[in-house]
Amino acid sequence: MVSVVSLVYTILSYEITVSNDTINATSIVKEKMIMAYKRDQKKRGRPKTFDRESMFESSMMKYWQDGVLRSSLNEISKLSQVSKPTVYREFGGEDGLIASVVEYYYNKHLIPKLELLNDDRSFEEVLNALIDDTIKPNSTLKGCMIVKMSPYFKTLGKQTQHQLFLVRENMLASYKSWYERGLLRNEVNPNIDSNTAAYFISVQLTNILNLVTTDDPVHQIKEQALLAFRSLLATE
């Protein structure tokens, strides 16, 4: 007969064996899960750094080509390969993005044009250079993104409106300073004050940019521009 002591020993040995097997199995599963996680992380790599300039470029081209009202945030996100949550995190929403793109466009495309006004040549010579630069064929798109936005100013967000206002004020200030230098040199019409002249220059350049988007011949657009600007020049 099996003694009671032997029976108890056998039962305890079995329980310990089962318990150890369970612990070992659990440890193996955990180790495999950790290894799988590490492999997955290695494949994923580090999160990509958000490329603001790339986002600005793709957004700018979309707004410039199709217009801001015909460019949804979903389209911009897909085109830029940037998720909507990232857009909200970086810009606070669509309005913040558009405002940032307006600032980016101003710095990249408009400031170089305004730098022409600081040229030491005569007012008329700089005017001709400015007209040529405005009507010359663009390697990407015609016209001006900001000019295309302007008719829809009231429908845009507050941040975008503010940024457009700043751009307009900066450009008017540049035109005014340019004209005042012409007054000091007796190169422009003294009967036109600099504020009026700055506004006139802005309106005429906007007209030129709108004409550039049409099929009108470039030489014809330039002739019309020179005719309009003639009133600003000093008469002998």
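The rules we used
- Residues numbered from 1 in each chain as written.
- Predicted model: local features only at pLDDT ≥ 70, side-chain atom pairs only at ≥ 80, totals over all residues.
- Heavy atoms only, no water.
- Salt bridge = Lys/Arg side-chain N within 4 Å of Asp/Glu carboxyl O.
- Helix = DSSP H or I, 4+ residues; strand = E, 2+ residues; numbered from the N terminus.
- Buried < 20%, exposed > 50% of the residue type's maximum accessible area, 1.4 Å probe, protein only.
- Axes fitted to C-alpha atoms, helices over the stretch in contact; angles between N-to-C directions.
- Parallel < 35°, antiparallel > 145°, perpendicular 65-115°, else oblique.
- Contact = heavy atoms within 4.5 Å.
- Nonpolar A, V, L, I, M, F, W, Y, C, P; charged D, E, K, R; others polar.
- Polar contact = N/O pair within 3.5 Å; in protein donor to acceptor, adjacent residues only side chain to side chain.
- Core = buried A, V, L, I, M, F, W, Y, C linked by side-chain atoms within 4.5 Å.
- Expected span 1.5 Å × (residues − 1).

(A) How the structure looks around the pattern of salt bridges. For the coordinates displayed, the defined rule picks out 11 salt bridges. When the shortest N-O distance is used, the salt bridge between E75 and K62 registers 3.7 Å. Placement of E75 in helix α3 (residues 73-80) and of K62 in helix α2 (residues 52-66) is noted, with a sequence separation of 13 residues between them. By relative accessible area, K62 is classed as buried at 13%. One continuous salt-bridge network, built from bridges that share partners, spans R52, R89 and E90.

(B) The arrangement of the packing of α2 against helix α4 (residues 84-91) in detail. It is at 13 Å that the axes of α2 and α4 come closest, and there the two elements cross at 110°. The angle between α2 and α4 falls in the class roughly perpendicular. Residues R52, M55 and F56 of α2 lie in contact with α4, whose contacting residues are V87, E90 and F91. For the contact of α2 with α4, the class distribution of residues is 4 nonpolar, no polar and 2 charged.

(C) Here's a closer look at the side chain of S59. The residue S59 is located in helix α2 in this model. Among the polar contacts listed, one links the side chain of S59 to the backbone oxygen of M55, at a separation of 2.8 Å. Once you skip the residues sitting within four places of it in the chain, S59 turns out to touch I76, S80, L97 and V101.

(D) Quick look at the nonpolar core. Of all hydrophobic cores here, the largest spans 56 residues; its most connected members are Y63, L97, M145, I146 and F229. The element best represented in this core is helix α5 (residues 94-115), accounting for 9 residues. Once you skip the residues sitting within four places of it in the chain, F229 turns out to touch L127, I131, F200, I201, Q204, L205 and I208.

(E) Just the packing of α3 against α4, in detail. Following both chains from N to C, one finds α3 and α4 inclined at 100°, their axes separated by 9 Å at the closest point. Between α3 and α4, the angle is such that the two are roughly perpendicular. Contacts between α3 and α4 involve L73, N74 and S77 on the former and, on the latter, K84, V87 and Y88. Of the residues in the contact of α3 with α4, the class split is 3 nonpolar, 2 polar and 1 charged.

(F) A look at helix α6 (residues 123-135). Across its 13 residues, α6 extends 18 Å between first and last C-alpha, which sits within 8% of the 18 Å expected from 1.5 Å per residue. Buried residues along α6 sit against α5, α8 (158-184), α9 (194-212) and α10 (218-229).

(G) Fine view of the environment of K62. A sequence separation of 17 residues divides K62 from L79, and the C-alpha atoms of the two residues are 8.6 Å apart. Those residues in contact with K62 that lie beyond four places of it in its chain are G67, R70, S71, E75, I76 and L79.

(H) Representation of unusual backbone geometry in the model. The backbone of Q81 shows a phi angle near 60°, a positive value even though the residue is not glycine. Inspection of the secondary structure puts Q81 in the loop between α3 and α4. For Q81, a relative accessible area of 75% translates into the label exposed. In this structure, N186 is a non-glycine residue whose phi angle is positive, near 60°. Along the chain, N186 turns up in the loop between α8 and α9. Given the relative accessible area of 63%, N186 is considered exposed.

Nothing here speaks to function; it is all geometry.
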